[in-house]
Every structure is written in C-alpha cells, then in structure tokens.
Amino acid sequence: MLRTIPSKRKNYLPNLGGKKDIQEWLTNKNIPWGSDLLKLELLQIVSTVKHKFDGYRIDKIASETGHKVLRLPPYHCELNPIELIWAQVKGYIARQNQTFKLPEVKNLLLEALDKVSGNDWKNAVAHVTKIEKEFWTMDGLIEDVWEQNELTIQLSDSDSTQESESFSS
C-alpha cells in the first residue's frame, strides 16, 4: 500500500544557526570541541559526524515493521501520483469557479476532493508506474551507449598510443 507521510528528521542537525546552538549540540552528542573554535570550525566538526545522527523518524518506524521507505528523487513530480490527483482537483475548481471568492473556492475544493475516487488513484499509480518503466528503459539505453563510447574511447586511446610508438621508431 502506498502512503505519503511527511519526512521528519530523527535529530536536529545544526547548520547555520548560532555558535552556541552548535556548541550545545556537540556537547549533547558527547563530541569534543574546543572553546576557542570559530563557528565555521564547529560546523566542520558537525559535518564529519552528522552521518551518525542523520535520518528520518519514518525510516525507523518502517524498519521496525519490516518495511523500507523509498523516496522520490528531487524535482521529479511526474513520479508522484498525488500530483496527478492534485491536478484533477485544481482543474475541477478552475472549471467550476464563478465568483473567485475564497468561501466558494473552499466549497469547490471539498467537492473536488469528494469526487476523487479509488479508480482515479489506481489510474494515477498506473500512469506513474508506466513512466518509471520508461525511465528504467532510458537508463539502460544510456548505460549501453555509455559503455559503447567508453569502449570506443579506450580503443582510440590504445590506437593513438600504438600510432605514436610507430612514428617514434
């Protein structure tokens, strides 16, 4: 079953906050630091250990129940079925909206959400699955072309080496 759950980090990771926040975080994690260190130096320490504290709460919950969370790659909304459903909802509102007043838009939103069916979700998931398969196919083709070009480059390199050796004799 597909479920969309917001990803929330297990632990706060300091970034460009105040120097005292970074020092406090390091102290709480029992990571040694010097009081004479600059903020940038403290952040460098954080960057060397943050992988130990990085992660999402939902990953832990999923793992405990024998599941794994798969995340969508950034900037690929076409791989998220909810985008198709949201487009359907927005289209309904755009077609039905007569007054462009917030109370009407709210009512149209509720109507549009009620009109989303299980079949709509099934179609959205099927469409995304089709796009995923197309991406996998393209990825395989790209790898094939890359391997062929790599072989050509290697052959060209060895050919030019042999040619240069024959010219120098």
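The structure displayed is predicted, hence computed values, not measured ones. (Residues numbered from 1 in each chain as written. Predicted model: local features only at pLDDT ≥ 70, side-chain atom pairs only at ≥ 80, totals over all residues. Heavy atoms only, no water.)

### Remarks on the packing of helix α4 (residues 81–96) against helix α5 (residues 102–115)
Next up, step 1: Relative orientation of the contacting elements α4 and α5 amounts to 135°, with a least axis distance of 9 Å. One finds that α4 runs oblique with respect to α5. Regarding α4 and α5, the two cross each other, and that crossing is right-handed. Residues Trp86, Gln88, Val89, Tyr92, Ile93 and Gln96 of α4 pack against Glu104, Val105, Leu108, Leu109, Glu111, Ala112, Leu113 and Lys115 of α5.
Next up, step 2: Of the residues assigned to the contact of α4 with α5, the class counts are nine nonpolar, two polar and three charged. (Axes fitted to C-alpha atoms, helices over the stretch in contact; angles between N-to-C directions. Helix = DSSP H or I, 4+ residues; strand = E, 2+ residues; numbered from the N terminus. Parallel < 35°, antiparallel > 145°, perpendicular 65-115°, else oblique. Left-handed = near helix turned anticlockwise from the far one by under 90°. Contact = heavy atoms within 4.5 Å. Nonpolar A, V, L, I, M, F, W, Y, C, P; charged D, E, K, R; others polar.)

### A few points about the pattern of salt bridges
Next up, step 1: In the structure shown here, the tally under the stated rule is two salt bridges.
Next up, step 2: Notably, a salt bridge pairs Asp59 with Arg71, separated by 3.2 Å at the nearest N-O pair. Of the two residues, Asp59 sits in helix α3 (residues 57–64) while Arg71 sits in the loop between α3 and α4, which places them 12 residues apart along the sequence.
Next up, step 3: Assessed through its relative accessible area of 28%, Asp59 is described here as partly exposed.
Next up, step 4: Residue class for Arg71 comes out partly exposed when judged on its relative accessible area of 38%.
Next up, step 5: Put simply, Lys60 and Glu64 hold a salt bridge, and the shortest N to O gap is 3.1 Å. Highlighted residues: Lys60 and Glu64, both in helix α3, separated by four residues, approximately one helical turn. (Salt bridge = Lys/Arg side-chain N within 4 Å of Asp/Glu carboxyl O. Buried < 20%, exposed > 50% of the residue type's maximum accessible area, 1.4 Å probe, protein only.)

### Some points on a negative patch on the surface
Next up, step 1: Residues Asp139, Glu143, Asp144, Glu147 and Glu150 make up a contiguous surface patch of negative charge.
Next up, step 2: You can see Glu147 is positioned in helix α6 (residues 118–168). (Patch = residues over 30% accessible without salt bridge, like charges linked within 9 Å, V, L, I, M, F, W, Y side chains within 5 Å. Areas by Shrake-Rupley, 256 points an atom, 1.4 Å probe, with all protein chains shown as cover. Lys, Arg positive; Asp, Glu negative; His and termini not counted. Charge placed at Lys NZ, Arg CZ, Asp CG, Glu CD.)

### With respect to the confidence of the model for the chain
Next up, step 1: Averaged over all residues, the pLDDT of the chain equals 84, while 81% of them reach at least 70.
Next up, step 2: Throughout residues 163–169 the model reports pLDDT below 50, and contacts reaching past four residues in sequence, or to other chains, amount to zero contacts. (pLDDT = per-residue confidence, 0-100.)

### Brief notes about the side chain of Asn80
Next up, step 1: Relative to the helices and strands, Asn80 resides in the loop between α3 and α4.
Next up, step 2: On the accessibility criterion, Asn80 (19% relative accessible area) is buried.
Next up, step 3: Not counting residues up to four positions away in its chain, the partners in contact with Asn80 are Leu72 and Val128.

### Regarding the environment of Ser35
Next up, step 1: Following the sequence through the fold, Ser35 ends up in the loop between α1 (19–28) and α2 (39–49).
Next up, step 2: According to the relative accessible area criterion, Ser35 is exposed, its value standing at 65%.

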